[in-house]
Amino acid sequence: MAIHMRIKTGDLVSMRVGKDRGKTGKVLQVFPGDRRIVVEGANEHTKHARTRGRAGEKGQKITFWGTVPVANVSLICPKCSKPTRVGAKVLEDGKKARVCKKCSATL
Ligand SMILES: [Zn+2]
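Presented here is an overview of the structure given in this document.

Cut-offs and rules
- Residues numbered from 1 in each chain as written.
- Predicted model: local features only at pLDDT ≥ 70, side-chain atom pairs only at ≥ 80, totals over all residues.
- Heavy atoms only, no water.
- Phe/Tyr/Trp six-rings, centres within 6.5 Å; stacked < 30°, edge-to-face > 60°.
- Lys NZ or Arg CZ within 6 Å of the ring centre and 35° of its normal.
- Salt bridge = Lys/Arg side-chain N within 4 Å of Asp/Glu carboxyl O.
- Helix = DSSP H or I, 4+ residues; strand = E, 2+ residues; numbered from the N terminus.
- Buried < 20%, exposed > 50% of the residue type's maximum accessible area, 1.4 Å probe, protein only.
- Donors = N, O, S within 2.8 Å, 3.2 Å for Na, K, Ca; no water.
- Tetrahedral: all angles 85-135°; square planar, octahedral: opposite > 155°, others 65-115°.
- Core = buried A, V, L, I, M, F, W, Y, C linked by side-chain atoms within 4.5 Å.
- Contact = heavy atoms within 4.5 Å.
- Polar contact = N/O pair within 3.5 Å; in protein donor to acceptor, adjacent residues only side chain to side chain.

Let's shift gears to the packing of aromatic side chains. With the rule as written, the count across this model stands at 0 aromatic pairs. The ring of Phe 64 carries Lys 47 above its face, with NZ or CZ at 5.2 Å from the centroid.

Spelled out as structure tokens, the structure:
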């Protein structure tokens, strides 16, 4: 069975738990096998890039975002702008669509 993900790349989501709770960001990457996603601005990590030893040269700081469980986010509906749950419905042509449970918009 294919793994169904409620969240897609480009979605706007809100963090429900953890240190980034309440933050919103865009979904940059989706890993369906792990049920994890990368959200812009959430689960921030910083690492220092190594310099090649020239004295006085400052190490570069690189900021990147780690993965978070998809269960930790809520989709923000682009229609009603509220964090919402996503329902599924089957369209007339047999395709599946996502539906906002708050305003019933097809997403
Ligand atoms: Zn909605």
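Bringing the pattern of salt bridges into the picture now. Counting across every chain of the model gives 2 salt bridges. Close ionic contact of Asp 11 with Arg 98 constitutes a salt bridge, the shortest N to O distance being 3.0 Å. Residue Asp 11 is located in the segment before strand S1 (12-15), and its partner Arg 98 is located in strand S10 (residues 96-100); the two are separated by 87 residues in the primary sequence. Here Asp 11 matches Arg 98 in class, with each residue buried. Between Lys 23 and Asp 20 there is a salt bridge; the shortest N-O distance is 3.1 Å. What makes Lys 23 partly exposed here is its relative accessible area of 38%. Judged by relative accessible area, Asp 20 falls into the buried class, the value being 9%.

In the first shell of the zinc ion, the protein supplies Cys 77 (SG), Cys 80 (SG), Cys 100 (SG) and Cys 103 (SG), at 2.2 to 2.3 Å from the metal. What the 4 donor atoms of the zinc ion show is an angle range of 103 to 115° at the metal, which sorts the shape as tetrahedral. Counting gaps between the donor residues of the zinc ion yields the pattern C-x2-C-x19-C-x2-C.

The next thing to look at is the nonpolar core. As a rule of thumb, soluble globular proteins bury nonpolar side chains together. Counting residues in each nonpolar core, the largest one holds 13 residues, and the members touching the most others are Ile 7, Val 13, Met 15, Ile 37, Val 39, Val 68 and Val 73. Breaking this core down by element, the ones donating at least two residues are S1, strand S3 (36-39) and strand S7 (73-76). Apart from residues no more than four positions distant in its own chain, Ile 7 is found in contact with Val 13, Val 27, Val 30, Ile 37, Val 70, Val 73, Leu 75 and Arg 98.

On to the side chain of Thr 84, then. Of note, Thr 84 is situated in strand S8 (residues 83-84). Residue Thr 84 is classed as buried on the basis of its relative accessible area, which comes to 5%. At 3.4 Å, the side chain of Thr 84 and the backbone nitrogen of Lys 101 are in polar contact. Those residues within four positions of Thr 84 in sequence are excluded, and the remaining contacts are Ser 74, Leu 75, Cys 77, Cys 100, Lys 101 and Lys 102.

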